[in-house]
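A structural walkthrough
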Amino acid sequence: MSVAEILHYTYADYSQWEGDWELIDGIPVAMAPAPMRIHQDIGAEIIFALRNSLDEEACPECRISYENDWKINEETVVRPDIVFVCDDEGEAYLTKAPKIVVEIISPATAKKDETIKFDIYESEGVQYYILVYPDDLRAKAYGLKDGRYIKIGDFMHESLDFDAIGCGLSLDFAKVFEKFRNRAKK
């Protein structure tokens, strides 16, 4: 038996672990320690902005949530920072691909978020993937087209409309980043 076979884990193992973990292709990946306050604060601003733009009448079965496990299969469980998901009945974890995933980048997570999770979200059909860089007060947005992510653009002061989803969703990055820019000026 190889080391890879011995060290291969499933959701059943994952659900028993203490601490913060993700499981990618059967390999446990420790999550970074609690993020800096700016990470949490930007996350709150993004949730607030998405929530305020959501047309609940158009999308009553959709919700925005923070740090939920998404069980992709028995060997892969990730925990995106922010998701917009519709028609998901999962109680303990998400069971369907979110329509939007936002990852707020820290030095400890950058490589994983920009490569491994990028590939996972793309292959699972997440319509929009947003990478937010708190140090630069900048976001990179990708949209799924023909099964591949195409870069929509870099956003610092612009708005991003999630037209492919409907639901009235948009993110005004000028507003999301505003108070953080004002702090930097002081």
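Here we summarise the structure given alongside this text. Everything numeric in this text was worked out from a predicted model, so none of it was measured. (Residues numbered from 1 in each chain as written. Predicted model: local features only at pLDDT ≥ 70, side-chain atom pairs only at ≥ 80, totals over all residues. Heavy atoms only, no water.)

**Some details on the nonpolar core**
F84, I130 and F162 are the most contacted members of the largest nonpolar core, which totals 31 residues. Sequence-distant contacts of F84, that is, excluding residues within four places in its chain, are made with L54, C62, R63, I64, P98, K99, I100, I165, C167 and L169. Judged by nonpolar contacts, the second largest core, of 19 residues, contains I24, W70, V78 and A110. (Core = buried A, V, L, I, M, F, W, Y, C linked by side-chain atoms within 4.5 Å. Buried < 20%, exposed > 50% of the residue type's maximum accessible area, 1.4 Å probe, protein only. Contact = heavy atoms within 4.5 Å.)

**What about the state of the cysteines?**
Summed over the entire model, instances satisfying the criterion amount to two disulfides. Note that C59 is cross-linked by a disulfide to C167, the S-S spacing being 1.7 Å. On the sign convention where negative is left-handed, the bridge of C59 and C167, at about -90 degrees about the S-S bond, is left-handed. One end of the pair, C59, is in the loop between helix 3 (37-53) and strand 3 (62-66); the other, C167, is in the loop between strand 11 (159-161) and strand 12 (170-172), and 108 residues separate them in sequence. For C59, a relative accessible area of 10% translates into the label buried. Sulfur-sulfur distance for the disulfide between C62 and C86 comes to 1.9 Å. Between C62 and C86, the S-S torsion sits near 110 degrees, and that sign places the bridge as right-handed. Residue C62 is located in strand 3, and its partner C86 is located in strand 6 (residues 82-86); the two are separated by 24 residues in the primary sequence. C86 shares its class with C62; the two are buried. (Disulfide = S-S within 2.5 Å. Helix = DSSP H or I, 4+ residues; strand = E, 2+ residues; numbered from the N terminus.)

**Notes on a negative patch on the surface**
A cluster of acidic side chains, namely E61, D87, E89 and E91, defines a negative patch on the protein surface. Turning to its location among the elements, E89 is positioned in the loop between strand 6 and strand 7 (100-104). Look at E89 and you get exposed, because its relative accessible area is 64%. (Patch = residues over 30% accessible without salt bridge, like charges linked within 9 Å, V, L, I, M, F, W, Y side chains within 5 Å. Areas by Shrake-Rupley, 256 points an atom, 1.4 Å probe, with all protein chains shown as cover. Salt bridge = Lys/Arg side-chain N within 4 Å of Asp/Glu carboxyl O. Lys, Arg positive; Asp, Glu negative; His and termini not counted. Charge placed at Lys NZ, Arg CZ, Asp CG, Glu CD.)

**Remarks on the pattern of salt bridges**
Overall, the coordinates contain twelve salt bridges when judged by the stated rule. K117 is the salt-bridge partner of E22, the closest N and O atoms lying 2.7 Å from each other. Of the two residues, E22 sits in strand 1 (residues 21-24) while K117 sits in helix 4 (residues 110-124), which places them 95 residues apart along the sequence. By relative accessible area, E22 is classed as buried at 0%.

**Concerning the environment of I150**
In this structure, I150 sits in strand 10 (residues 148-155). When its relative accessible area of 45% is taken as the criterion, I150 is described as partly exposed. Those residues in contact with I150 that lie beyond four places of it in its chain are A141, Y142, G143 and K145.

**Here we look at unusual backbone geometry**
Located in the positive-phi region is D25, a residue other than glycine, with phi close to 55 degrees. Here D25 lies in the loop between strand 1 and strand 2 (27-30). The phi angle at E67 is positive, at roughly 50 degrees, despite the residue not being glycine. Within the secondary structure layout, E67 lies in the loop between strand 3 and strand 4 (70-73). A relative accessible area of 33% means that E67 is categorised as partly exposed.

**What to know about the packing of aromatic side chains**
As enumerated under the stated definition, the model contains 15 aromatic pairs in all. Aromatic pair F155 and F173: ring centres 5.6 Å apart, planes at 40 degrees, arrangement tilted. Taken together, the residues F155 in strand 10 and F173 in helix 5 (residues 173-185) connect sequence positions 18 residues apart. Taking relative accessible area as the criterion, F155 reaches 7% and is therefore assigned buried. (Phe/Tyr/Trp six-rings, centres within 6.5 Å; stacked < 30°, edge-to-face > 60°.)

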